[in-house]
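Descriptive structure summary
Single-letter residue listing:
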Amino acid sequence: MSSQASPVKVFIRIRPTASFAHELIECPPDQQTLKVRSRKDSNKGKRNNQLSSWVFQLNGVLDNVSQEDTYDRVARSVVLGAFAGYNGTIMCFGQTGAGKTYTMTGAAETYKHRGIIPRALQEVFQEVEHRADHTFSVHLSFLEIYNETMVDLLSSIKKGKSSNSGVLTVIEEPGGGVSVKGLSLHLVHNEEEALNLLFEGEMNRIIGQHALNKHSSRSHCIFTIHIESRSRTLSDAKYITSKLNLVDLAGSERLGKTGSEGQVQMEAMYINKSLSFLEQVILALADSRREHVPFRQSKLTHALKDSLGGNCNTVLVANIYGEAAQIEETLSTLRFATRMKCVQTKPSINEHVDPVLQVRRLEKEIQFLKEELSMCNTLTNRVGVSNEILSERQVEEVRSQVQRYLSGLLDEIPVNTIVCTSILQILKYKLMSRASLTVLQVQGSVGAVGEVESCGYGLGLAKSSQKHQRNTMNINVKLNVFLSSPPPKTEAFEDFKAERGSEINRILKENKAVLSERTTQLRILTDVINTTKRDLDYITYELRQFRERKQGEFVSAEGEPVLEEAELSLVMQLKELKNRYRQAYEDFRSTKTEVSYCQHLVNQCRTRLLTEFERWYNESFLFPGDVLSVLETGPVRPGHIPVDKALTLVSNIQGCQVFTTQPAQLLLTTSPIMFRGRSTGENRVGG
């Protein structure tokens, strides 16, 4: 099981029958190929050029295979993959009476005739017992989709937990999957409890009777096993989850063969409709050029969204009837299976972090660090130093002291371990707000203030004779005198956009506004084109129907045909709609070109803003003054070479080595780009 894209596995299972059509269906020895031939219609003497034989290549053909062998080949790998954190889906598809429910659930007469679901439950709890280094929780849910209405088959059991007692709805999850809101989940501890829930749900299913099947399923059912695994040996907060969807689809029916009437006929119509939507989804998923997949057309396809083309290992079992009378339905099922094999899924491990355990782990780590810091303070004779975080009142007091110290009203600031961090943060803000202090630097220790104590975690006190005088001392300090590290880039970027990069940022915002306006206009034109196209199709259909209903046509004295009033009205409407469609399409093409150009300007402005910020950040916080002096004389700006290479510049020059480098990126020095709107005449500038 890998996280790479993998095709859906497809198996064909043939229902045993005494009148198997060996002359029409052939199973080669490789057990992966099925050859089908159709009978020729000898009643018609016309020539028929349609295909009369087909070869289907699949992952496996199950002919006269027991239930145990079917489970081993189809389901075992998917079930075991769930314990590694991979989602899995096994679904049975085919015509009514082909053996889908027997494959999925089995027969209750004998133990060896159990289907995939009971055997999967047995496999799950056997693995739970064998994996003693993990703790597992297993929940079950049973969903029925009957006539496009979702029903909870386990709702009669009160001990299950449900997020909503009302109508069941399919909701989208943040990770791209789906879940059914209101569907009850039931915790099970052993195989016996799980089988009891399965039998309870099977008793609540809706079944019917027709000519091909006395116990025909009249609904789609999804039996889901939810597994959560946590390690007993590792103390981290990570855990994995997975779910197994075991799907028993209702069979497609031809009313002429089943002879259904009344309620059974209406159920068959809903079943065929949902299966038709399922096939449309499969066609869209198999076509790489399709951008939209119509999952929301039916409750079945929406509930199986992640199973059909998402994070899941999916296996399809296509059940077919081997009799000659069912050869058309067999071909239809095999074509669906072939399309399903072209669908790609992307299974990945569902790993999560428990926030409660993560908080507990971090609290323990903080407590350990506090104890270690307290021990270090004791060894360095720093008794009475507090390591607690400052309150808001204490932060305000420190800020006031820093302000008075910088203004010359305070001679010294008492500092301890925690206050030191607050002072550095406040100094960073104060010094960055002064343009005269952003490019200053101290040479060696000349003009330094205070003496650092020999051991400890705090700053020393400044003597009165060494206090800075604002008007008499020539300040030549850089920001890193007070800060041991440069400010975070996120904070520095906000300051840059507000001051030095304000002009580029303003241009970027204006171009974004124009792009948003053009995008909205493009969306409106798209809706107009689609609406006009639907009206065109409707008027064309009405005109064609009108002409088919006419018994004849009127002609003038010159022998030319004369249109009736109703027909003339339809023709004029059709002409007007065509003109409207052409005009809207021309506007659409023009607006789409403008959107592309606006997007180019936005990307260009964003690139320039980031380039200017990198240069400003390197000059202000990362490069020493001697490196800047060398870079200013050359063609390379500070934002165009890595910091580590630039910092080796001085040592190379002192060693009489020639420093050469190629610019990693040319500075965007082109003239500002003017964008003039097509309809409003407004101007936009991009750098």
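Residues numbered from 1 in each chain as written. Predicted model: local features only at pLDDT ≥ 70, side-chain atom pairs only at ≥ 80, totals over all residues. Heavy atoms only, no water.

**What to know about the overall build of the protein**
- The helix and strand tally for the protein stands at 19 helices and 23 strands.
- Relative to all contacts within the protein whose residues are 6 or more apart in sequence, the contacts with residues 24 or more apart total 71%.
- Summed over all atoms, the accessible surface of the protein reaches about 39,400 Å², with 52% contributed by carbon and sulfur. (Helix = DSSP H or I, 4+ residues; strand = E, 2+ residues; numbered from the N terminus. Contact = heavy atoms within 4.5 Å. Areas by Shrake-Rupley, 256 points an atom, 1.4 Å probe, with all protein chains shown as cover.)

**Notes on the sheet that holds strand 5 (residues 53-57)**
- Taken in spatial order, the three strands make up an open sheet running 3-4-5, and their pairing is antiparallel. Each edge of the open sheet carries a strand with a single partner, namely strand 3 (25-26) and strand 5.
- Bridge count between strand 3 and strand 4 (residues 33-37): two bridges; the pairing is antiparallel. Residue pairing for strand 4: Glu 26 is matched across the bridge by Lys 35.
- The strands touched by helix 10 (residues 327-341) are strand 3, strand 4 and strand 5; relative to strand 5, the strand with the most contacts, the crossing angle is about 40 degrees. (Pairing = 2+ DSSP bridges. Axes fitted to C-alpha atoms, helices over the stretch in contact; angles between N-to-C directions.)

**A word on unusual backbone geometry**
- With a phi angle near 55 degrees, Asn 64 is a residue other than glycine that sits in the positive phi range.
- For Glu 148, which is not a glycine, the phi torsion comes out positive at approximately 60 degrees.
- Residue position: Glu 148 is located in the loop between strand 8 (134-146) and strand 9 (149-152).

**A look at the side chain of Glu 267**
- In this fold, Glu 267 is placed in helix 7 (residues 263-286).
- Overall, Glu 267 belongs to the buried group, its relative accessible area being 5%.
- With near-sequence residues (within four places) excluded, Glu 267 lies in contact with Tyr 146, Asn 147, Ile 206 and Arg 218. (Buried < 20%, exposed > 50% of the residue type's maximum accessible area, 1.4 Å probe, protein only.)

**A word on the packing of aromatic side chains**
- One pass over the structure, following the stated rule, counts nine aromatic pairs.
- For the ring pair Phe 142 and Phe 223, a centre distance of 5.1 Å and an interplane angle of 85 degrees mean the geometry is edge-to-face. Placement of Phe 142 in strand 8 and of Phe 223 in strand 15 (residues 220-231) is noted, with a sequence separation of 81 residues between them. Assigned by exposure class, Phe 142 and Phe 223 land together as buried.
- When the ring of Phe 493 is compared with that of Phe 613, the centres are 5.0 Å apart and the planes differ by 75 degrees; the resulting orientation is edge-to-face. Separated by 120 residues along the polypeptide, Phe 493 in helix 14 (residues 489-498) and Phe 613 in helix 16 (residues 565-622) bring together distant segments of the chain.
- Phe 493 gets classed as buried once you look at its relative accessible area, which sits at 19%.
- Members of the aromatic cluster, joined through ring pairs, are Phe 493, Phe 496, Phe 613, Trp 616 and Tyr 617.
- Lying over the aromatic face of Tyr 111, Arg 114 brings its terminal NZ or CZ to 3.9 Å of the ring centre.
- Geometry around Tyr 239 places Arg 230 over its ring, the cationic atom sitting 4.1 Å from the centre. (Phe/Tyr/Trp six-rings, centres within 6.5 Å; stacked < 30°, edge-to-face > 60°. Lys NZ or Arg CZ within 6 Å of the ring centre and 35° of its normal.)

**Details of the pairing of strand 10 (residues 169-172)**
- Summarising the sheet, strand 10 and strand 11 (residues 178-181) pair through four bridges and their orientation is antiparallel. In the sheet register, Thr 169 faces strand 11, and the bridge partner there is Lys 181.
- With antiparallel pairing between neighbouring strands as the criterion, strand 10 and strand 11 make up a hairpin whose turn holds five residues, including Gly 176 at a positive phi of roughly 100 degrees.

**Some details on the UniProt feature "binding site: ATP" (unreviewed entry) in the protein**
- On the UniProt side, "binding site: ATP" (unreviewed entry) is annotated at positions that read Gly 94, Gln 95, Thr 96, Gly 97, Ala 98, Gly 99, Lys 100 and Thr 101 here.
- We classify Gly 97 as buried; its relative accessible area is 7%.
- Topologically, Lys 100 is positioned in helix 3 (residues 100-104).
- Judged by its relative accessible area of 6%, Lys 100 falls in the buried class.
- Apart from the residues lying within four places of it in its own chain, the contact partners of Lys 100 are Cys 92, Phe 93, Gly 94, Gln 95, Asp 248, Leu 249, Ala 250, Gly 251 and Asn 319. (UniProt positions renumbered as here; feature names shortened; annotations may be inferred.)

**Overview of the nonpolar core**
- If you look at the biggest cluster of nonpolar residues, it comprises 51 residues, and the most contacted ones within it are Ile 12, Leu 34, Met 91, Leu 278, Leu 308, Leu 316 and Met 340.
- For Leu 316, the residues in contact, after removing those within four places along its chain, are Val 8, Lys 9, Val 10, Phe 11, Met 91, Phe 93, Phe 336, Ala 337 and Met 340. (Core = buried A, V, L, I, M, F, W, Y, C linked by side-chain atoms within 4.5 Å.)

**Here we look at the side chain of Glu 123**
- Residue position: Glu 123 is located in helix 4 (residues 116-130).
- Looking at Glu 123, its side chain comes within polar contact range of the side chain of Tyr 71, at 3.3 Å.
- Contacts of Glu 123, omitting those with residues within four sequence positions, involve Tyr 71, Arg 76, Val 79 and Leu 80. (Polar contact = N/O pair within 3.5 Å; in protein donor to acceptor, adjacent residues only side chain to side chain.)

**Considerations on the environment of Gln 4**
- Tracing the backbone shows Gln 4 in the segment before strand 1 (6-7).
- Given a relative accessible area of 56%, Gln 4 falls into the exposed group.
- Each C-alpha atom of the pair Gln 4 and Pro 347 lies 6.9 Å from the other, and the pair is 343 residues apart in sequence.
- With residues near it in sequence (within four places) discarded, Gln 4 still touches Thr 345, Lys 346 and Pro 347.

**Re a nonpolar patch on the surface**
- On the surface, Leu 563, Leu 568 and Met 572 cluster together to form a nonpolar patch covering roughly 270 Å² of accessible area.
- One can find Met 572 in helix 16. (Patch = residues over 30% accessible without salt bridge, like charges linked within 9 Å, V, L, I, M, F, W, Y side chains within 5 Å. Salt bridge = Lys/Arg side-chain N within 4 Å of Asp/Glu carboxyl O.)

**Details of the pairing of strand 7 (residues 88-94)**
- The buried fraction of strand 7 amounts to seven of the seven residues, a majority that puts the element mostly inside the structure.
- Burial along strand 7 is two-sided: the residues Gly 88, Ile 90, Cys 92 and Gly 94 and Thr 89, Met 91 and Phe 93 are all buried.
- Bridge count between strand 7 and strand 16 (residues 238-248): five bridges; the pairing is parallel. What sits directly across from Cys 92, in strand 16, is Asp 248.
- Judged from the seven bridges that link them, strand 7 and strand 17 (residues 313-321) form a sheet pairing that is parallel. The residue bridging Thr 89 from the neighbouring strand is Thr 314, located in strand 17.

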